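A structural walkthrough
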Amino acid sequence: CYLSPLLKARPGSRHGYDITDHGALNPEIAGAGDFERFAAALKRCAMGQIMDMVPNHMGVMGADNHWWLDVLENGPASRFAGYFDIDWYAIAEGPPGRVLLPVLGDHYGAILENGELKLAFDAAQGAFSVFYYEHRFPVDPREYPRILGYGLERLQARLGGEHPEFLSLQSLITALGHLPSRENVSPEAVAERARDKEVHKRRLASLCAGSADIAQFIQENVAAFNGTSADTPDFDPLHELLGAQAYRLAFWRAAADEINYRRFFDINELAALRMDNPEVFEHTHQRVREWLARGQVHGLRIDHPDGLYAPKEYLERLQAMAAALSSTLSPTLSPNVAEESPQPLYVVVEKILASHEHLPESWPIHGTTGYDFAAVCGGLFVDGGAADHFTRIYQSFIRARPDLDEIMRANKHLIMESVLAGELQVLAKQLTRIAKGDRRTCDYTFNSQRSALAEIVASFPVYRTYVAGCESSAEDVRYVDWAVGVAKKRSQAADTGIFDFVHDVLLARQAQGKSEAYQTAVCAFAMKFQQYTSPVMAKAVEDTTFYQYNRLVSLNEVGGDPQRFGVSLAAFHRENQERARRWPHAMLATSTHDNKRSEDVRARISVLSEIPEQWRRALSRWSKLNRGKHSQLDTDDTERAPSRNDEYLLYQILLGVWPFGAPSTPDAADRLQPGPPDAVGSVRPGTLDAEGLARLSERVETYMLKVVREAKMHSSWINPNTRYEEATRDFVRALLSPEPANLFLRDFLPLQAQIARVGAFNSLSQLLLKLTSPGVPDIYQGNEVWDFSLVDPDNRRAVDYEARRAALQAIKTMEADEDAGASAQRLLDNLRDGRIKLYLTWKTLTFRRECEPLFRDGDYLSLKAHGERAEHVCAFVRHHGDDTLLVAVPRLLGGLMGEHGRPPVGAPVWGDTWLDLPPERMHEKWTNLLTGETFTTQTLGEARGFTLAQLFKSFPYALLRVHKTEV
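Residues numbered from 1 in each chain as written. Predicted model: local features only at pLDDT ≥ 70, side-chain atom pairs only at ≥ 80, totals over all residues. Heavy atoms only, no water.

1. Section: the packing of helix α14 (residues 371–379) against helix α28 (residues 743–772)
We count it as follows: Angles shown run from 0 to 180 degrees and are taken between the N-to-C directions of axes, each axis being a line fitted to C-alpha atoms and, for helices, limited to the stretch in contact. We count a stretch as a helix when DSSP gives it H or I for four or more residues in a row; a strand needs E for two or more, and each element gets its number in order from the N terminus. Orientation categories follow fixed angle ranges, with anything under 35 degrees roughly parallel, anything over 145 roughly antiparallel, 65 to 115 roughly perpendicular, and all other angles oblique. Take the far helix as the reference: if the near one is turned anticlockwise from it by less than a right angle, the crossing is left-handed, and if turned clockwise, right-handed. The contact rule is simple, with two residues in contact once any of their heavy atoms fall within 4.5 Å. Under the grouping applied here, Gly and all other residues not named as nonpolar or charged are polar, the nonpolar ones being Ala, Val, Leu, Ile, Met, Phe, Trp, Tyr, Cys and Pro and the charged ones Asp, Glu, Lys and Arg.
Relative to each other, α14 and α28 sit at 135 degrees, their axes nearing to 10 Å. Overall, the two elements α14 and α28 adopt an arrangement that is oblique. Note on packing geometry: the crossing formed by α14 with α28 is right-handed. Contacts from Phe373, Cys377 and Gly378 in α14 reach Gln766, Leu769 and Lys770 in α28. For the contact of α14 with α28, the class distribution of residues is three nonpolar, two polar and one charged.

2. A closer look at the nonpolar core
What counts, and what does not: Joining through side-chain atoms within 4.5 Å is the link that ties buried Ala, Val, Leu, Ile, Met, Phe, Trp, Tyr and Cys residues into a set, and such a set is a nonpolar core. The classification of residues rests on relative accessible area computed with a 1.4 Å probe and restricted to protein chains. Under 20% of the type maximum is buried, over 50% is exposed, and intermediate values are partly exposed.
Phe572, Trp615, Ile836, Leu886 and Leu951 are the most contacted members of the largest nonpolar core, which totals 140 residues. Broken down by element, the residue count for this core peaks at 15 residues, all from α28. Every residue in contact with Leu951, bar those within four places of it in the chain, is listed here: Ala888, Leu915, Phe935, Phe946, Ala958 and Leu960.

3. What to know about the side chain of Asp87
What counts is decided by this rule: Charge counting treats Lys and Arg as positive and Asp and Glu as negative, with His and both chain ends excluded. When a carboxyl oxygen of Asp or Glu lies within 4 Å of a side-chain nitrogen of Lys or Arg, that pair is called a salt bridge.
Relative to the assigned elements, Asp87 resides in the loop between α2 (66–74) and β6 (99–104). Among buried Asp, Glu, Lys and Arg side chains, Asp87 stands out as unpaired, with Arg433 the closest opposite charge at 4.6 Å.

4. Focus: the state of the cysteines
The condition that has to hold: We call a pair of cysteine sulfur atoms a disulfide whenever their separation is within 2.5 Å.
One pass over the structure, following the stated rule, counts one disulfide. Cys470 shares a disulfide with Cys523; S-S distance 1.3 Å. Of the two residues, Cys470 sits in the loop between α18 (446–458) and α19 (474–490) while Cys523 sits in helix α21 (residues 516–542), which places them 53 residues apart along the sequence. On the basis of relative accessible area, Cys523 is assigned to the buried category, the value being 13%. Its sulfur unpaired, Cys1 is 10 Å from the next cysteine sulfur, which belongs to Cys45. By relative accessible area, Cys1 is classed as partly exposed at 38%.

5. Overview of the packing of helix α16 (residues 404–417) against α18
Taken N-terminus to C-terminus, the directions of α16 and α18 make an angle of 135 degrees; their axes are 9 Å apart at the nearest point. When the interaxial angle is binned, α16 and α18 end up oblique. Of the two possible hands of crossing, α16 and α18 adopt the one that is right-handed. Residue-level contacts link Arg409, Lys412, His413 and Met416 of α16 to Arg450, Ala454, Glu455, Val457 and Ala458 of α18.

6. Comments concerning the sheet that holds strand β27 (residues 943–947)
Selection rule: Strand pairing follows a simple DSSP-based rule, namely that at least 2 bridges must link the two strands.
Sheet architecture is open: four strands sit in the order β20-β23-β27-β26, paired in antiparallel fashion. Since the sheet does not close on itself, it has two edges, and those belong to β20 (864–866) and β26 (938–940), each with one partner. For this sheet the average axis-to-axis angle between neighbouring strands, irrespective of direction, equals 50 degrees. Sheet topology note: the β26/β27 ladder contains three bridges and is antiparallel. Following the sheet pairing, Thr939 is matched in β27 by Arg944.

7. A word on the pairing of strand β8 (residues 127–132)
Among the six residues in β8, five count as buried, and that is most of the element. Alignment of strand β7 (residues 118–122) against β8, held across five bridges, turns out to be antiparallel. Residue pairing in the sheet places Leu119 in a bridge with Val130 of β8. What sits between the antiparallel neighbours β7 and β8 is a turn of four residues, in which Gly126 has the positive phi angle 65 degrees. Note that β8 and strand β9 (residues 135–138) share four bridges and pair antiparallel. Counted as the bridge partner of Val130 is Phe137 from β9. Counted between consecutive antiparallel strands, the loop separating β8 from β9 contains two residues, among which Tyr133 sits at a positive phi close to 55 degrees.

In structure tokens form, the structure reads like this:
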């Protein structure tokens, strides 16, 4: 059971990736007792738990991250200052040693003078803090005298100068002022400050508890600082107090240019951890270590490893931690990993690979979380031969000729100039210091170095390199050479020699033969640079380009490449063979929480690649039918809203998400609705009543709002264009109007039904490939049946597990009452209710459990098809010991099934197509685990194998197991 993060996160977190305490469970998910019962239940079911670890960052805003609060209170002198990736001296103006906090909803001065910043005193703790709504900012105890000494003569007049309470307060003010400063970061000074500030706070709390006069005096001063104690508010005292803190409160828009702590992408609320610090590793993994030792956690999924300073070092620490526990660990610690595996802990990483990139084999892990498999498997169902035709259709509709490479490069520059400008600024300053340290490079200016860095990042072909310890691999060299070479050619700089300097710094070659301090600076910069290219790539490509370039959006997926229009059978088999050899226990995903569209939505949209002419004609009709539904934003504006590009995307989305059948209850599109068989040779359009249309419209409106903001062409998250967004919303509502006059729906539904039927068979093929290919299949919540979800939050809706349990029980009962073949055929006839997907999942996973060594360690042999439909079948053999399994699934079914959606079975569809079996796999009798049918190999000319007319006679999927007597 592979779970989202369980550790304590921000209150109300919808995902758990904003952890605030690595030592506690999230109380909104489970208490200690709940977790114990869950772990015990898994053990009873012979199951394990893979836990999602978030090592790169923590949630820091609010008032519940004690490490971060300590950093704000004590600045560089905090015991936890080294836990976070902060450049304390990056902000040029003001005193050094401050961290920018871009949390304010308006400019600082306006917020201050509106009274939205409030000084508060916790009398029980003897502590001062400034609050901005739910956000708490501790006051540096060394600055308490500003508050306690404000108008001290009033208290002296009230008590008398010799009063013991007054003298005690005076003594405390003196003591607080003598705390070690924030700039003194020696271990002794840090320890003294940490100890004494708490002693002084307790004295202050005791004074307040024992003296009503002192307590009243402090409250009067708090009111004065808040500007509420006089007729004319005076905010100078609070402003001056804030100016003396280890942080600077700022308008959230200031983050883009001036941020000086590393974030998770551009999210201000998530501050990056220094996981390379051994102390941070120990403190953040203590609870996980306990769960591993107890056998309650059996594997880890590592979130965003590319954000780490040294990913390989971190992963080695994980395995070392597990190895130290090996004597006490359960023997099922890694249930899917062979006993001889050198890694004691099952670990997979959320690593996004370019199509030409390989996962570093030196990492002590078992593979990725499966984005790479999703891309190559999904590509099997895209007709690569239609690429040029499809491109022309797209360009004709949007009336433009977009260049994807140029779009990505431009978007990288956009991200670096906007939301991630501050991080680039920090890098450029660090590089400038390095340049000044060498007489041959000291003339390179800050601006020229910043410009060179930006051009290199924009040209980077992968998410990041992995230079470590001043050592670079051959792959690191290749990627840096490429990026610098492209950047140099594109540069308009008068002196391009700066690119050679940056090249040598990025590969740490610049450090050779230099002083130890210079070498340290160069190596540190090379590793910090790597942490920047990854978020730029993610924000520019995944979160921008993938919403701009809409040629075929089933390709616009995390880990995918929109330029890779289809994957050949040879490429799919090659990827599987490579995985079997290098990463046999990697995860295989087709839907995840990060997907732009679910596996079933993508499987439908990919059908368009097989019917480009139908698609072109439909676009032409729909564009004319919906012309009057657009809005003109300005009288002199020739561009209508939504744009033609957004309209083109929207039609694909509607084809993908339209539910099967006619739901009659809330969320019925996710429930398993039995219905009459889908008649052979006919297509049943999925009609919706007014309530169903309204629910669908609400989902699509939410999605399109995210689309237009992520695309950053007509609106954005930073500068929303409400008129464009409202026009897009109105367009969606008009398209999905239940009114009889809505001619679009009447024209749309027949094509949608045709695509939905073909897409369903695509989904089933994709499912079986995932469940039988080398690796460990990952089934995302709810996807056991049809799930037509879009990007989050749509794909995080509650799942009706009760309906799925009932459906599985019904399937088991059905198969007990009749043979497997009849059950499979009946479920296929009722394709729309989703139980056929659940049936294939259940049957295949049951076999996986029975033959674990076959799937864990089995060989992989691709099979070649011959005949007129050879490109329409994907087949391979898995073999281990006495077990042999042959897998065959159909692909590119649009043409085979036709406009009427005939099932892809029998001789009329498959003709003379046949599978060739190698001699060593030439067994006589095979049984299809899905239908119970028995097959014998046939002589086909000089070869032997199966005809697809035989194999897919009545059911278009085959999992053939050799009879034991034949092995």
